[in-house]
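One letter stands for each residue in the lines below.
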Amino acid sequence: MKRTAGLWLLIGLVGYALLPWYMVSGGVFGLGWLAEMSGDGAAPALWQVILHGKWWLSGPLPAFAAAAAVLGFVHGQTAMARGLVVVAAAGLGLLIAQGLLIPGTAARFGWIAGEGQPGMGAGAFVTALALLLILTTGISGLGRGRGDAFVTGLIGLIVALVATFVFYPVAHVLIRAFEMKGGAGYGVSEFLRRFFSADLWGLGCLVGGDCGPAINSLILGLMTGAGTTALGLAFALIFTRTGFRAKPLLRVLTIIPIITPPFVIGLALILLFGRAGTVTEFFADAFGWEKTRWLYGFGGIYLAQMLSFTPIAFLVLIGVVEGVSPSMEEASQTLDADRWQTFRYVSLPLMRPGLANAFLLGFIESLADFGNPLVLGGNFNVLSTEIYFAIVGAVADPAKAAILSIALLAMTLGAFLVQRRWVGKKSYATVTGKADSGRHSALNPTLRWACYLTALPWAAFTAAIYSMIVFGSFVKLWGYNHSFTLEHYIRAFSVSFTDGIRFTGSAWDSYFTTLTIAGISAPLTAFVGLATAYLLVRQKFAGKEAFEFSTMLSFAIPGTVIGVAYVMAFNFPPIELTGTSIILILVFVFRNMPVGVRGGIAAMSQLDRSLDEASIMLGANSFTTARRVIAPLLGPAILAALTYSFVRAITSVSAVIFLVSARHNMATSFIVGRVENGEFGFAIAYSAVLILTMLAAILILQLLIGKRRLRRADRVET
């Protein structure tokens, strides 16, 4: 404890005394601030206090001095730990308080007249991090987290990140739910009246009318969660329990919908099944069927969401299905159970965490989906689009948007609690340290054909949709002029070789920016998500259930609300990030983190705790155990987290549409602009290039991570 706390004390002093406290132009790595360290804009906090009289920045200094005194003069682990907790908490509290009370150009409450300060920079970040980890080190010294500084530090770090980049921005939006009309203060009565109104929770659809957007969202979410989980399980069983020969092709078809940019699936469905769509025209001419608008409403949204979100269920479930130990299935068959009984009473119950997590993710994705309801919703109103129009409509109503967001959170909390109750506290561990050379039990013929008849037609339908998308990128105007052309690709991705290589296409700038931001955010997302899952499955600490739900908060709220929340929270000090690439990376990390969390929980639930115990008994600490024992067994979960976070960083639109800037324009906002201008061919061509890019990235990730080897039968014979 003493050595760890001393290291973080040294790091904190470096940040406080040598790094610029406020944000500097060009970034801290640009080093241009070194020439301006004497000025109050680029000076470290210590210089700010001494040279410029900003005494309110002195809070961490006595905390560091007191921490040094505790480490140097206090004897006894318990007394030292208590001293570190007190002084670090005091220093961290003072740092946060001065940032919140003195933002922008003037202090709140007028207690320092005329003073203000820019957004916090590298010095403040390093100082806050050091104080936080000194605090968690002291907590570990008190015996919390089994006395493991790594565990308590990881918990503290993730709690701080979630509080800063989820709760803090969301609070800026949700507090508006209690705002009285006309901005005349805040009140609970106004909130209750609007929250429980028939316009929101109406059940008119039961008597032939229209339901409120909350009921519509709930019905759609339940059906999407159930449908995607069933399809994902069918695909996972085909991959792991059958000898289907076209598995590589099937793998591509199961993944490709998740790597599709926004609006493309909806646009393809409209051009195929809309009133003037290709399929609609064919049946009208061939059979005299009446052209209808069935696609615009519940049916169209449900179809698009099934296409979009089935890959999420598959990515979660394939690792879980692979993780069921063959020895248990062999034991069942040795006791004279047939293959159906083995699957029903042994294999399927062990998949319960994966099924529950796949359903929860499908349900939440459906609730938060913005693009598909916007394109295909018609008169079928859902919460996500209602929130969008409440924010950007002709008459903006932030209070209404906040109330609708709270309704979404209530549904998510309900689904989360039901999921936990269904999974229960039973053990689902099947991967132990014991040798296992068996193979998975094959499916009985009826179940195998049920999987084939469920999954293969859906795969064929997916292939047809994407064939038409590719076709649409090579014709002048899909549905009207099918003349072959490369014009869309040339406009987007032309390259000039005069005076060297020049990327002259209009899409290159947003393309490179998107790949850079996605490449940075994906590993960060996977790390934070899987680290959180490790804590939730492998550690016991106070408030664990509340902590688990908090990790789902950003996933439950529509991206539109998250984008607006980030603008409201980070457009001014103490954390000023609007217009930078950092804000895009952060919104992707904390928006997509729950997939890594749920996939990691499902995978780690199958790893017996004896693996951890054996590692620790052999002298390894928690960090080494997580790195050398747990991580190698989480190949599917790591692949799912990396794949999903990378893809969503490229395809997300609702969360970033308010955050892009002229300097950092994302591919999705660029595509949306082309769709709004009616340039469908250009948008589809750009989308096709993004799909190929993401598909190549996924294949590379699969090769780098490799296949998890749980038993000798998984190894290649030599």
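These notes cover the structure that comes with them. (Residues numbered from 1 in each chain as written. Predicted model: local features only at pLDDT ≥ 70, side-chain atom pairs only at ≥ 80, totals over all residues. Heavy atoms only, no water.)

### Side note on the overall build of the chain
Part 1: For the chain, the helix and strand inventory stands at 31 helices and 4 strands.
Part 2: Each of the three principal axes of the chain carries a C-alpha extent, and together these read 85 × 65 × 65 Å.
Part 3: Counting only residues that meet the buried cut, the chain has 54% of its 718 residues in that class.
Part 4: Contacts spanning at least 24 positions in sequence make up 74% of the contacts within the chain whose residues lie at least 6 apart.
Part 5: Counting every atom, the chain has about 31,300 Å² of accessible surface; 65% of that belongs to carbon and sulfur.
Part 6: Taken as two groups, the 49 positive and 34 negative side-chain charges of the chain have centres that lie 8 Å from each other. (Helix = DSSP H or I, 4+ residues; strand = E, 2+ residues; numbered from the N terminus. Buried < 20%, exposed > 50% of the residue type's maximum accessible area, 1.4 Å probe, protein only. Contact = heavy atoms within 4.5 Å. Areas by Shrake-Rupley, 256 points an atom, 1.4 Å probe, with all protein chains shown as cover. Lys, Arg positive; Asp, Glu negative; His and termini not counted. Charge placed at Lys NZ, Arg CZ, Asp CG, Glu CD.)

### Considering the packing of helix H1 (residues 2–18) against helix H3 (residues 60–73)
Part 1: At a minimum axis separation of 11 Å, H1 and H3 run at an interaxial angle of 155°. In this view, H1 runs roughly antiparallel relative to H3, as classed from their interaxial angle. For the element pair H1 and H3, the recorded crossing hand is left-handed. Here H1 contributes Lys2, Ala5, Gly6, Leu9, Gly12, Leu13 and Tyr16 to the contact with H3, which in turn contributes Pro60, Leu61, Phe64, Ala67, Ala68 and Leu71.
Part 2: For the contact of H1 with H3, the class distribution of residues is 10 nonpolar, 2 polar and 1 charged. (Axes fitted to C-alpha atoms, helices over the stretch in contact; angles between N-to-C directions. Parallel < 35°, antiparallel > 145°, perpendicular 65-115°, else oblique. Left-handed = near helix turned anticlockwise from the far one by under 90°. Nonpolar A, V, L, I, M, F, W, Y, C, P; charged D, E, K, R; others polar.)

### Things to note about helix H4 (residues 77–101)
Part 1: Between its first and last C-alpha, H4 extends 36 Å over 25 residues, near the 36 Å set by a 1.5 Å rise per residue.
Part 2: Inspection of H4 places Met80, Ala81, Gly83, Leu84, Val87, Ala88, Gly91, Leu92, Leu95, Gln98 and Gly99 among the buried residues, and these make up the whole buried set.
Part 3: On its buried side, H4 packs onto H1, H3 and helix H5 (122–141). (Expected span 1.5 Å × (residues − 1).)

### Quick notes on the pattern of salt bridges
It is possible for side chains bearing opposite charge to pair when their charged atoms get close.
Part 1: For the structure on display, the rule yields 5 salt bridges.
Part 2: A salt bridge links lysine 400 to glutamate 386; the nearest nitrogen and oxygen atoms lie 4.0 Å apart. With lysine 400 in helix H19 (residues 398–423) and glutamate 386 in helix H18 (residues 383–392), this residue pair connects regions lying 14 residues apart in the sequence.
Part 3: Across the pair arginine 491 and glutamate 679 runs a salt bridge, and its minimum N-O distance is 2.6 Å. Of this pair, arginine 491 sits in helix H21 (residues 487–493) while glutamate 679 sits in the loop between helix H30 (667–676) and helix H31 (680–705); the two residues are 188 residues apart in sequence, bridging distant segments of the chain.
Part 4: When its relative accessible area of 38% is taken as the criterion, arginine 491 is described as partly exposed.
Part 5: Salt bridges sharing partners connect three or more residues here, namely Arg491, Arg674 and Glu679. (Salt bridge = Lys/Arg side-chain N within 4 Å of Asp/Glu carboxyl O.)

### What to know about the environment of methionine 37
Part 1: Mapped onto the elements of the fold, methionine 37 is located in the loop between H1 and helix H2 (45–52).
Part 2: By relative accessible area, which is 13% here, methionine 37 ends up buried.
Part 3: In this structure the C-alpha to C-alpha distance between methionine 37 and leucine 19, which are 18 residues apart in sequence, comes to 9.0 Å.
Part 4: Setting aside residues up to four positions removed in sequence, methionine 37 forms contacts with Leu18, Ala42, Ala43, Pro44 and Trp47.

### Some remarks on the nonpolar core
Part 1: Grouped together as the largest cluster of nonpolar side chains are 173 residues, with contacts concentrated most on Ile259, Leu269, Met351, Tyr566 and Tyr686.
Part 2: When sequence neighbours within four positions are dropped, the list of residues in contact with leucine 269 reads Gly274, Leu295, Gly300, Leu303, Ala304, Leu307, Leu376, Phe461 and Ile465.
Part 3: Of all hydrophobic cores here, the second largest spans 25 residues; its members include Tyr22, Ala45, Leu57 and Ile134. (Core = buried A, V, L, I, M, F, W, Y, C linked by side-chain atoms within 4.5 Å.)

### Brief notes about the environment of threonine 643
Part 1: Within the secondary structure, threonine 643 sits in helix H29 (residues 635–651).
Part 2: Given the relative accessible area of 2%, threonine 643 is considered buried.
Part 3: Separated by 561 residues in sequence, threonine 643 and arginine 82 have C-alpha atoms that sit 43 Å apart.

### As for unusual backbone geometry
Part 1: Looking along the chain, the bond that leaves proline 573 and enters proline 574 is cis, with omega of 15°.
Part 2: Its place among the elements puts proline 574 in the loop between helix H25 (559–570) and helix H26 (581–604).

### Thoughts on helix H15 (residues 339–350)
Part 1: Between its terminal C-alpha atoms H15 stretches 15 Å, which fits the 16 Å expected from 12 residues at 1.5 Å a residue.
Part 2: Residues of H15 that are buried make contact with helix H9 (213–241), helix H13 (298–323), helix H14 (326–334), helix H16 (352–368) and helix H20 (445–473).
Part 3: Measuring from the backbone nitrogen of tryptophan 340 back to the side-chain oxygen at the start of H15 gives 3.2 Å, which picks out aspartate 338 as the cap. (Polar contact = N/O pair within 3.5 Å; in protein donor to acceptor, adjacent residues only side chain to side chain.)

### Remarks on the packing of helix H22 (residues 508–538) against H26
Part 1: Closest axis-to-axis distance for the H22/H26 pair is 6 Å, and the angle between their directions is 40°. With respect to H26, the axis of H22 lies oblique. Where H22 crosses over H26, the two elements pack in a sense that is right-handed.
Part 2: Looking at the contact of H22 with H26, its residues break down into 17 nonpolar, 8 polar and 1 charged.

### Description of the packing of aromatic side chains
Part 1: Under the criterion given, the structure shown has 41 aromatic pairs.
Part 2: For the pair phenylalanine 239 and phenylalanine 314, a centre-to-centre distance of 5.3 Å together with 50° between the ring planes defines the contact as tilted. Residue phenylalanine 239 is located in helix H9, and its partner phenylalanine 314 is located in helix H13; the two are separated by 75 residues in the primary sequence.
Part 3: Exposure remark for phenylalanine 314: the relative accessible area of 0% places this residue in the buried category.
Part 4: An aromatic cluster of at least three residues, connected via ring pairs, comprises Phe493, Phe503, Trp508, Tyr511, Phe512, Phe670, Phe682 and Tyr686.
Part 5: The lysine or arginine in question, arginine 293, covers the ring of tyrosine 296, its NZ or CZ lying 4.6 Å from the ring centre. (Phe/Tyr/Trp six-rings, centres within 6.5 Å; stacked < 30°, edge-to-face > 60°. Lys NZ or Arg CZ within 6 Å of the ring centre and 35° of its normal.)

### Details of a nonpolar patch on the surface
Part 1: A contiguous nonpolar patch, built from Val495, Phe497, Ile501, Phe503 and Phe512 and spanning about 520 Å² of accessible area, is present on the exposed surface.
Part 2: With respect to the secondary-structure elements, phenylalanine 497 resides in the loop between strand E3 (495–496) and strand E4 (502–503). (Patch = residues over 30% accessible without salt bridge, like charges linked within 9 Å, V, L, I, M, F, W, Y side chains within 5 Å.)

### Topic: the environment of valine 166
Part 1: Of note, valine 166 is situated in helix H6 (residues 149–174).
Part 2: Considered as a pair, valine 166 and tyrosine 566 are 400 residues apart in the sequence and their alpha carbons are 9.0 Å apart.
Part 3: Sequence-distant contacts of valine 166, defined by excluding residues within four places in its chain, comprise Leu161, Ser550, Leu553, Ser554 and Phe590.

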